[in-house]
Amino acid sequence: MTEAFAALEATALAQHLKAARWTYPLVNAGHVAGLALLVGAIVPMNLRRLGWVPGPDPAAVVGFLRPFAVAGLVLAAGCGALLFATQASDYAANGWFRLKIALLAVALVNAARHLGGMPSRRGAALSLALWPLVLLSGRMIGYS
Amino acid sequence: MPALTRRLTLGCLAAALALPAAAHHGWRWTADGNFELTGTITAAELGNPHGVLTVEANDEIWTVEIGQPWRNERAGLTDAMLAPGAEITAQGHRHADPEALVLKAERIVIGGQTYDLYPDRS
């Protein structure tokens, strides 16, 4: 595994990002924009599903916001993978990063269980708690 | 203002105020006074988001934060100059926590030559 991370860091793309003046902050911004879109869709979706805020029919809200959440996830994960590649060994050894990936895995399993339909109340509550926790643990990597 | 907008705005405002104002980037986490450290580089991690040197000075192991590649390059510093074994003096601000042996460098001095990472900062 250690060798795989070292090999990832040695790729031309990772080397470019590590030294780049503009590409790295751009990818960083893409990661943040993805998170904003993801959490920005997840929060109102689940609040409406749980009936904690008034608004249109919950099924319509979920159906409308889900594509935005998925797009945000794809953008965040894509840019996140690039950021990871620049310092793969360090991130893999970081406690906050590991926690974030574990929380992300649980959040993805939870999301996959009700893809295409309405989430259960439990699923919605879990989603509402998990995604912000993924964001929080991810942000903590920079402070560890 | 509609009731929901008002509730959400107040909720987010309260959350923002409650969050501690910890900052890693920028200078808010550093002490005000200037600080200088002279020692030997034992490890160097250069690259985005910023370079980190491990410097042994006075039997203490310090972490010295330097610039991103473009900032180091602009100052005239090359990766070879920051390799382990190099004797350097780092001038800047240390971590506000006196227990933390962390210095964010504004200038690096090698062999009497000063390399200014932040020409706009004194």
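None of these values were measured; they are calculated from a predicted model.

**Side note on the overall build of chain B**
Thinking step 1. A tally of helices and strands in chain B yields 2 helices and 6 strands.
Thinking step 2. Seen in sequence order, chain B has helices and strands lined up from the N terminus as α-β-β-β-α-β-β-β.
Thinking step 3. Here the C-alpha atoms of chain B give a radius of gyration of 19 Å, more than 25% beyond the 14 Å that 2.2 N^0.38 yields for 122 residues.
Thinking step 4. When the 122 residues of chain B are sorted by exposure, 24% land in the buried category.

**Focus: the packing of helix α3 (residues 23-49) of chain A against helix α7 (residues 121-140) of chain A**
Residues and elements named next belong to chain A.
Thinking step 1. As a packed pair, α3 and α7 sit with axes 9 Å apart at the nearest point and diverge in direction by 155°. With respect to α7, the axis of α3 lies roughly antiparallel. Once α3 is placed against α7, the crossing between them reads as left-handed. Taken together, the residues of α7 that come into contact with α3 (itself represented by Leu35, Leu38, Val39, Ile42, Val43, Asn46 and Arg49) are Ala124, Ser127, Leu128, Trp131, Pro132 and Leu135.
Thinking step 2. In terms of residue class, the contact of α3 with α7 is built from 10 nonpolar, 2 polar and 1 charged.

**With respect to unusual backbone geometry**
Residue and element names in this part refer to chain B.
Thinking step 1. With an omega of -5°, the peptide bond between Asn48 and Pro49 qualifies as cis.
Thinking step 2. One non-glycine residue, Asn58, lies in the positive phi region at around 50°.
Thinking step 3. By the secondary structure assignment, Asn58 is in the loop between β2 (52-57) and β3 (60-65).
Thinking step 4. In this structure, Asp59 is a non-glycine residue whose phi angle is positive, near 65°.
Thinking step 5. Among the structural elements, Asp59 can be located in the loop between β2 and β3.

**Digging into the interface of chain B and chain A**
Thinking step 1. Residue-level contacts link 7 residues of chain B with 10 residues of chain A.
Thinking step 2. Counted by class, the side of chain B that touches chain A contains 4 nonpolar, 3 polar and no charged residues.

**Looking at the confidence of the model for chain B**
Thinking step 1. On average, residues of chain B score 90 in pLDDT, and 94% of them are at 70 or above.
Thinking step 2. Taken over the whole predicted complex, pTM reads 0.85, whereas the ipTM for its chain interfaces reads 0.74.

**Quick notes on the nonpolar core**
Thinking step 1. In terms of nonpolar packing, the biggest core is built from 23 residues, with Leu38, Ile42, Ala69 and Ala107 of chain A touching the most fellow members.
Thinking step 2. Within the second largest apolar cluster, 16 residues are counted, among which are Leu53, Leu77, Leu82 and Leu117 of chain B.

**Observations regarding the pairing of β3 of chain B**
All names here are of chain B.
Thinking step 1. Note that β2 and β3 share 6 bridges and pair antiparallel. Bridging across to β3, Glu56 finds its partner in Ile61.
Thinking step 2. The turn linking β2 back onto β3 is made up of 2 residues, and Asn58 within it adopts a positive phi angle of 50°.

**Observations concerning the pairing of strand β1 (residues 35-45) of chain B**
Residue and element names in this part refer to chain B.
Thinking step 1. Bridging between β1 and strand β4 (residues 87-94) involves 6 bridges; their strand directions are antiparallel. Bridging from a neighbouring strand, Thr38 pairs with Thr89 of β4.
Thinking step 2. Note: β1 against β2, 5 bridges, orientation antiparallel. If you follow Glu45 over to β2, its bridge partner there is Val52.
Thinking step 3. Hairpin remark: β1 followed by β2, antiparallel, with 6 residues in the connecting loop; positive phi at Gly47, about 130°.

The rules behind these values
- Residues numbered from 1 in each chain as written.
- Chains lettered and ligands numbered in written order.
- Predicted model: local features only at pLDDT ≥ 70, side-chain atom pairs only at ≥ 80, totals over all residues.
- Helix = DSSP H or I, 4+ residues; strand = E, 2+ residues; numbered from the N terminus.
- Rg over C-alpha atoms; globule rule 2.2 N^0.38 Å.
- Buried ≥ 20, exposed ≤ 12 C-beta atoms within 10 Å, placed from the backbone.
- Axes fitted to C-alpha atoms, helices over the stretch in contact; angles between N-to-C directions.
- Parallel < 35°, antiparallel > 145°, perpendicular 65-115°, else oblique.
- Left-handed = near helix turned anticlockwise from the far one by under 90°.
- Contact = placed C-beta atoms within 7 Å.
- Nonpolar A, V, L, I, M, F, W, Y, C, P; charged D, E, K, R; others polar.
- pLDDT = per-residue confidence, 0-100.
- Core = buried A, V, L, I, M, F, W, Y, C linked by C-beta atoms within 7 Å.
- Pairing = 2+ DSSP bridges.

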